[in-house]
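Next come the chains, spelled out residue by residue.
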Amino acid sequence: MLPPYLQSLNEQQREAVETLEGPLLVLAGAGTGKTRVLTTRIAHILGNHKALPSQILAVTFTNKASYEMRERISSLIGRTVEGLWLGTFHSLCVRILRRHAERINLKTNFTILDTDDSLRLIKQIQKAENIDDKKWPPRAILGMISLWKDRGLGPDQIDKNNLPNQYGPKNPALTIYPIYQERLRILNAVDFGDLLLHCLTLFTQCTDILDFYQHQFRYILVDEYQDTNIAQYLWLRLLAQGHKNICCVGDDDQSIYGWRGAEIANILKFEHDFPGAHIIRLEQNYRSTPHILGAASGLIAKNTGRLGKTLWTEADAGEKVFIKSVWDGEEEARYVGDEIEALQRNKFSLSKMAILVRASHQTREFEERLLTLGIPYRVIGGPRFYERLEIRDALAYLRLINEPNDSLAFERIINTPKRGMGSVALQNLHHISRSEGVSLMASAYKIIETDELRGQTRNTLANFLKDVDRWRQQVSFMSPSDLAKMVLDESGYTEMWQRDKSPDAPGRLENLKELVVALEEFETIESFLDHVSLVMENSSNQNVDSISIMTLHSAKGLEFDIVFLAGWEEGLFPHQRSLGETGLKGLEEERRLAYVGLTRARQRAYIIYAVNRKIHGSWQSSLPSRFIGELPKEHVDSQTAVTALSSNFKIRDVTGPARYLPTSSGKKSLSSASSFNKFEVGTRVFHIKFGYGQVIDAHGDKVDVDFEHSGLKKVITSFLEKA
DNA sequence: AGATGTACCATTTTT
DNA sequence: TGGTACATCT
């Protein structure tokens, strides 16, 4: 008799769950239930008492995925599970490093720096080393260093004769990398990449520790294997050498993190790395309609070097992928907003819809439109709570209390609120810090013993140091939440915002309160800071039914009934920068991204492209994305012709920018009988804003309507419904 | 020290 | 277009 959780699986899924011994690679296409396989597998291992929770190591791509997996496992086996090693690579590495950091010359209370801090640090180094930050922006330097780290290379492991980059041999990242690592050590801090790198160092240098974990983890499971980078791959391979029970789930067609060092090659050489590996393919798609699946499959077939899967489904045909051409970004947002409202009227819930964009700045126009329409939305992966100015300041206070050598935190708050410690005083501290190789805090202690600073500045600095000392002494007597509240009050930070007359000051005070509340859930400041640096989702996940806006990258692993794919234009998607340097490789990754986007949709997918787009304040005309042309005709419903006409009409409306627009190209004058015939003269129509009315004149997709309440208006047919 | 003004350039994607 | 780095002002 099969346990109930196995009964509902198909043959391949069940095989993937039940093959418990030896290396296993599950090649799972989009929407084939790979996450389900992973959770069921863990439940199965636990249910059969094959292993204790602590003997299972499961790696997911996001923290959110971990939470969801944990919940599903609990519901499958009917009880909560404690002690699983379930998390992202990063969170698992933190867990290990917090135990053993001192073995590799790192203090266990290290701070985890985010990208912002890393950039500031690099900038400081560039200044000190006289490296032009115009020619070599810190972002580029950090990108280079991160890439090395993603490949598992420390500063002393770089092959100077074989630099894998486009910047050439004079690349200052080479100089900066060792200095950067040394500075991090002084700060007692690590960056994202270090988490993996230090963990690797730990495993290779301390064989007893590696032994211990190799023994402990009897079952290793990895989700989204196609997006592991070399460092993560090495990490996994080391740990898997013990029991060799590693189960990786992935889809080469959904590899979209090549730019971050992910290697599809990892999935291709799995058999080689783990001899005797078993391979299972999941090809039955349970998510999308055949039209959506057909469009996506046709698109991805243009890529070369695929492992190749043939997805199929038993679902009913459903609707074709809908392609819509619009005049510009504004109309795009308007169109999407109107569709959303129409769908809402048909009882679709907002939480089942998503707007997916290529680049995060595209979210803005949609946000504005949804705000005016009063449609609740949330931007996934957008500006986050913990990235707000006031929260970062407050966190800096906590960081400094937790680790006084965290100079970046020190620098952030030494003059916030204003204490009269200006740039001159700070430069003095930096000078000492650099020449003696100590932190800013330590430099401050030194300088107040001297006459380097003016009397008053010296006093304020001395007082600040006393304050920090006092706060540090309270750590063991107060809860993190109470301590934070006290620190914010005593430092004058709260007061600073209370005095501030600007309109956003009250909101900031609210956020600070929210931070204090959030802290209540944590036992130590350190655990809270870990949470902040590793967990990215917005804390304000209200229960309001709302539509999601996000980038295609953030949409990975998610699914929605209705998906709006916006901005499918050459240059934007595929993005110009992905084409330039990496050529075909870049293009294929963009195509996989398009594939990921399409396959998020269960019932209906819209693809939208604008004929004109504003870039850096000036208008540019754009061509439809080549991906649109690559979609099999039988699976799409295109309205290109309608829009060509609409462009001509709209030029009259656009006053300034219209000058820069090209005259319409011949290609778009193809006619399709579909949409604008619907609204012939005399048709009774409904308009969202103007209500009911009658068409009195029609030209192209623009019609004159006599509305019962609003009078004569010229409107676009896409706003209209037949009444 | 801090506030105000001006010139310049550009972020594609994120654990 | 809008953010930010630097220069100049009070």
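Residues numbered from 1 in each chain as written. Chains lettered and ligands numbered in written order. Predicted model: local features only at pLDDT ≥ 70, side-chain atom pairs only at ≥ 80, totals over all residues. Heavy atoms only, no water.

On to the overall build of chain A. Broken down by element type, chain A carries 29 helices and 22 strands. Put simply, chain A has 723 residues, and 54% of those count as buried. Long-range pairs, those at least 24 residues apart, make up 75% of the contacts in chain A with a sequence separation of at least 6. Per element, the accessible surface of chain A, about 33000 Å² overall, is 50% carbon and sulfur. (Helix = DSSP H or I, 4+ residues; strand = E, 2+ residues; numbered from the N terminus. Buried < 20%, exposed > 50% of the residue type's maximum accessible area, 1.4 Å probe, protein only. Contact = heavy atoms within 4.5 Å. Areas by Shrake-Rupley, 256 points an atom, 1.4 Å probe, with all protein chains shown as cover.)

Once that is clear, we can look at the packing of aromatic side chains. Going through the model one piece at a time under the given rule, you end up with 24 aromatic pairs. Each ring, one from Y225 and one from F270, has its centre 5.9 Å from the other, and the planes form 85°; the classification is edge-to-face. You can see Y225 sitting in the loop between strand 6 (219–222) and helix 11 (230–240) and its partner F270 sitting in helix 13 (residues 270–273), a full 45 residues away along the chain. Comparing Y225 with F270, the two get one shared label, buried. By the ring-pair criterion, three or more aromatic residues cluster together here, those being W85, F89, F203, F212, Y213, F217 and W235. Sitting above the plane of the F110 ring, R98 keeps its charged end 4.0 Å from the centroid. Here K556 stacks its cationic end above the ring of F61, 4.0 Å away from the centre of that ring. (Phe/Tyr/Trp six-rings, centres within 6.5 Å; stacked < 30°, edge-to-face > 60°. Lys NZ or Arg CZ within 6 Å of the ring centre and 35° of its normal.)

The next subject is the domain arrangement of chain A. Domains assigned within chain A are domain 1 (4–101 + 197–284), domain 2 (111–187), domain 3 (321–384 + 539–639), domain 4 (390–534) and domain 5 (683–722). Taking the mean C-alpha position of each, domain 2 and domain 3 sit 34 Å from one another. (Domains from an automatic or database assignment.)

Let us now look at unusual backbone geometry. Note the cis peptide between T416 and P417, where omega equals 0°. When you line up the elements, P417 lands in the loop between helix 18 (407–413) and helix 19 (423–436). Look at the link from F573 to P574: it is a cis peptide, with omega at 5°. Examined against the element boundaries, P574 turns out to sit in the loop between strand 13 (560–565) and helix 26 (576–580). With phi around 50°, E224 is a residue other than glycine that occupies positive phi space. With respect to the helices and strands, E224 occurs in the loop between strand 6 and helix 11. Even without a glycine there, the phi angle at K244 is positive, about 55°. You can see K244 is positioned in the loop between helix 11 and strand 7 (246–250). Residue classification places K244 among the partly exposed residues on the basis of a relative accessible area of 42%.

This part is about the nonpolar core. Note that soluble globular proteins tend to have their nonpolar side chains buried in a common cluster. Core analysis: the largest hydrophobic core is formed by 47 residues, its most contacted members being L395, F410, L461 and F528. If one sorts the elements of this core by residue count, helix 17 (residues 389–402) sits on top with eight residues. If we ignore the near neighbours within four places in the chain, the residues touching F528 are Y386, L395, L398, L515, L519 and F522. (Core = buried A, V, L, I, M, F, W, Y, C linked by side-chain atoms within 4.5 Å.)

The next point concerns the environment of G420. Tracing the backbone shows G420 in the loop between helix 18 and helix 19. Of the residues examined, G420 reaches a relative accessible area of 53% and is grouped as exposed. With residues up to four places along the chain from it excluded, the contact list for G420 reads N415 and T457.

Sheet architecture is open: seven strands sit in the order 11-12-10-13-14-9-17, paired in parallel fashion. Because the sheet does not close on itself, it has two edges, and the strands there are strand 11 (377–379) and strand 17 (636–638). Neighbour-to-neighbour, the strand axes of the sheet open up by a mean angle of 20°, direction not taken into account. Sheet analysis places strand 13 next to strand 14 (residues 601–610), joined by five bridges and oriented parallel. Bridge assignment links L565 to a residue of strand 14, and that residue is I607. Each of strand 9 (321–326), strand 10 (353–357), strand 12 (547–551), strand 13 and strand 14 touches helix 15 (residues 329–345); the most contacted strand, strand 14, lies at about 155° to it. (Pairing = 2+ DSSP bridges. Axes fitted to C-alpha atoms, helices over the stretch in contact; angles between N-to-C directions.)

To continue, consider the sheet that holds strand 1 (residues 24–28). Here six strands make up an open sheet; going across it, the order is 3-2-6-7-1-8 and the pairing parallel. Every interior strand has two partners, whereas the edge strands, strand 3 (85–88) and strand 8 (278–282), have only one. Between one strand and the next, the sheet's axes are offset by a mean angle of 15°, whatever the strand orientation. Summarising the sheet, strand 1 and strand 8 pair through five bridges and their orientation is parallel. Counterpart to A28 in the pairing with strand 8 is L282. Set on the sheet, helix 2 (residues 11–18) makes contact with strand 1 and strand 8; between it and strand 8 the angle comes to about 145°. Helix 3 (residues 34–47) rests against strand 1, strand 2 (56–60), strand 6, strand 7 and strand 8 of the sheet, and its axis sits at about 165° to strand 6.

Before going further, it helps to spend a moment on the pairing of strand 10. In terms of burial, strand 10 is largely enclosed, as five of its five residues are buried. Burial of the side chains of strand 10 extends over both faces: M353, I355 and V357 are buried on one face and A354 and L356 on the other. Here strand 10 runs beside strand 13; their pairing, made up of four bridges, is parallel. Note on strand 13: the bridge partner recorded for A354 is V563. Here strand 10 runs beside strand 12; their pairing, made up of four bridges, is parallel. Within strand 12, the residue paired with L356 across the bridge is M550.

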